[in-house]
Amino acid sequence: MQVAEHETASEVAQRLGGFLERRREQIAQRWADATLFRTVFTVSRGEAVEACKAVVDALAEVARTGRLDDIGASGFGTVREQLGRMSASRARAGSSPSQIAGEVAGLRAPVTALLDAEFADPGEEQAHACRLALTVLMGTLRLVVLETAVGAAEELIARQRHELLEAATPVIRLWDGVVAVPLIGTLDSARSQIVMESLLEAIVDQRARFAILDITGVPTVDSLVAQHLMRTVAAARLTGAECVVSGIRPAIAQTIVQLGIDLGSIITRAGLADALAYALGRQGIVVSPAPAAGAIPR
């Protein structure tokens, strides 16, 4: 950072820190009307002003240390805490990290206007040095907020993905003591873990004696998928439920044989109806086909 010849970078940073402290109230009042704060604090403008003051205080602390371009400066901890919550709120509302970073960049203009008013001649070297220091500081603030916003967005995406996986693997109660998980689509490690957790919770909550894993809608089965199924079956047994795998299509059966995967210890049935009939039969419930129309009951 270039500074006036008679002032060091540290002195310029100190001057900037003093300015931020003196103009704290005015900066906060102007920032409270900026998009970044206005869209989060929609009920009370006073809350927005207080949030702005906290950010100004943090920037003044960073300036006092002279670490204007260091995103790891201690003062930015407060910024991460304050703006982190705001970034998460904006991300949930649909704002992208780049939009949030752009809104942060818009905070520099009102501060620059107040800074220029500090000098009789805004063109003098000291004014130029302070503006440059402010630009560096606000640029670092933007990086900090962008980092926080990206983290909040990634957390939101991960949570939504988990919720979608849970919705895609529902546990259905078919009968007293019988639950089923109809699997559709690719079965990877993350989804397999959710299947296992959801199934075990349902077994315990409903005191199920039988759990059916129906893989009719699973396009392919490889060794990894087979291992996931076997682990799920084993976990279900540990909770006291007997597990049945249904819907193994001919092509998948051939693949399992070619891979040399031993499913001999797992009970299998052709389809979900057959698996349900097996579970009911094990409980002494006999399912009879409905009589044909016009047939005389015996």
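It should be emphasised that the depicted structure is a prediction, and the values quoted were computed from it without experimental measurement.

The next point concerns the overall build of the protein. Looking only at helices and strands, one finds twelve helices and five strands in the protein. By residue count, 41% of the 298 residues in the protein fall in the buried class. Total accessible area on the protein is roughly 15,500 Å²; 54% of this is exposed by carbon and sulfur atoms.

To continue, consider helix α1 (residues 9–22). Over its 14 residues, α1 runs 20 Å from end to end, which matches the ideal 20 Å to within 8%, given 1.5 Å per residue. Within α1, burial applies to Val12, Ala13, Leu16, Gly17, Gly18, Phe19 and Leu20.

The end-to-end C-alpha separation of helix α4 (residues 45–65) is 31 Å, in line with the 30 Å expected for 21 residues at 1.5 Å each. Within the span of α4, buried status applies to Ala48, Val49, Ala51, Cys52, Lys53, Val55, Val56, Ala58, Leu59, Ala60, Val62 and Ala63. Residue Gly66 follows α4 closely and has a positive phi angle near 80°.

What follows covers the nonpolar core. Formed by 47 residues in total, the largest nonpolar core has its most connected members in Leu20, Trp31, Phe37, Leu59, Phe76, Leu83 and Leu141. Sorting the residues of this core by element identifies α1, α2 (24–31), α3 (35–38), α4, α5 (76–92), α6 (97–105), α7 (108–116) and α8 (125–168) as the ones contributing at least two each. Setting aside residues up to four positions removed in sequence, Leu20 forms contacts with Ile27, Val56, Leu59, Ala60, Val111 and Leu137. Among the nonpolar cores identified, the runner-up in size contains 26 residues, and Val181, Ile215, Cys243 and Leu263 belong to it.

As summarised here, the arrangement of the five strands in space is β1-β2-β3-β4-β5, forming an open sheet in which the pairing is mixed. Each having just a single partner strand, β1 (172–175) and β5 (267–269) make up the two edges of the open sheet. On average, each strand axis in the sheet is inclined to that of its neighbour by 30°, with strand direction left out of account. The strands touched by helix α9 (residues 189–206) within the sheet are β1, β2 (178–184) and β3 (210–217), with β2 carrying the most contacts at an inclination of about 165°. Along the sheet, helix α10 (residues 223–238) makes contact with β2, β3 and β4 (242–246), crossing β3 at roughly 165°.

Take the environment of Ala279 next. Within the secondary structure, Ala279 sits in helix α12 (residues 272–282). Take Ala279: its relative accessible area is 0%, and that puts it in the buried class. Measuring from C-alpha to C-alpha, the distance between Ala279 and Ile212 comes to 8.7 Å, with 67 residues separating the pair along the chain.

Tracing the backbone shows Thr112 in helix α7. In this structure Thr112 touches Arg131 and Leu134, once residues within four positions along its chain are discounted.

On to the pairing of β3. Among the eight residues in β3, six count as buried, and that is most of the element. Bridge analysis of β2 against β3 gives six bridges, and the strand direction is parallel. Residue pairing for β3: Val181 is matched across the bridge by Leu213. Relative to β4, β3 runs parallel, the two being bridged by five bridges.

On to the pairing of β1, then. Pairing of β1 with β2 involves three bridges; the strand directions are antiparallel. If you follow Arg173 over to β2, its bridge partner there is Val179. Between β1 and the antiparallel strand that follows it, β2, lie two residues; Gly177 among them carries a positive phi value of about 85°.

The next thing to look at is the side chain of Thr232. With respect to the helices, strands and loops of the structure, Thr232 is situated in helix α10. When its relative accessible area of 4% is taken as the criterion, Thr232 is described as buried. Apart from residues lying up to four places away in sequence, Thr232 is in contact with Met196, Leu199 and Leu213.

All right, on to the pattern of salt bridges then. Side chains that differ in sign of charge can pair as their charged atoms come close. Overall, the coordinates contain eleven salt bridges when judged by the stated rule. Measuring nitrogen to oxygen at the nearest pair gives 3.5 Å for the salt bridge that ties Glu50 to Lys53. With Glu50 and Lys53 both in helix α4, this residue pair falls three residues apart, about one helical turn. Judged by its relative accessible area of 45%, Glu50 is partly exposed.

The rules behind each value
- Residues numbered from 1 in each chain as written.
- Predicted model: local features only at pLDDT ≥ 70, side-chain atom pairs only at ≥ 80, totals over all residues.
- Heavy atoms only, no water.
- Helix = DSSP H or I, 4+ residues; strand = E, 2+ residues; numbered from the N terminus.
- Buried < 20%, exposed > 50% of the residue type's maximum accessible area, 1.4 Å probe, protein only.
- Areas by Shrake-Rupley, 256 points an atom, 1.4 Å probe, with all protein chains shown as cover.
- Expected span 1.5 Å × (residues − 1).
- Core = buried A, V, L, I, M, F, W, Y, C linked by side-chain atoms within 4.5 Å.
- Contact = heavy atoms within 4.5 Å.
- Pairing = 2+ DSSP bridges.
- Axes fitted to C-alpha atoms, helices over the stretch in contact; angles between N-to-C directions.
- Salt bridge = Lys/Arg side-chain N within 4 Å of Asp/Glu carboxyl O.

In short, the description is geometric, and any link to function would need to be established separately.
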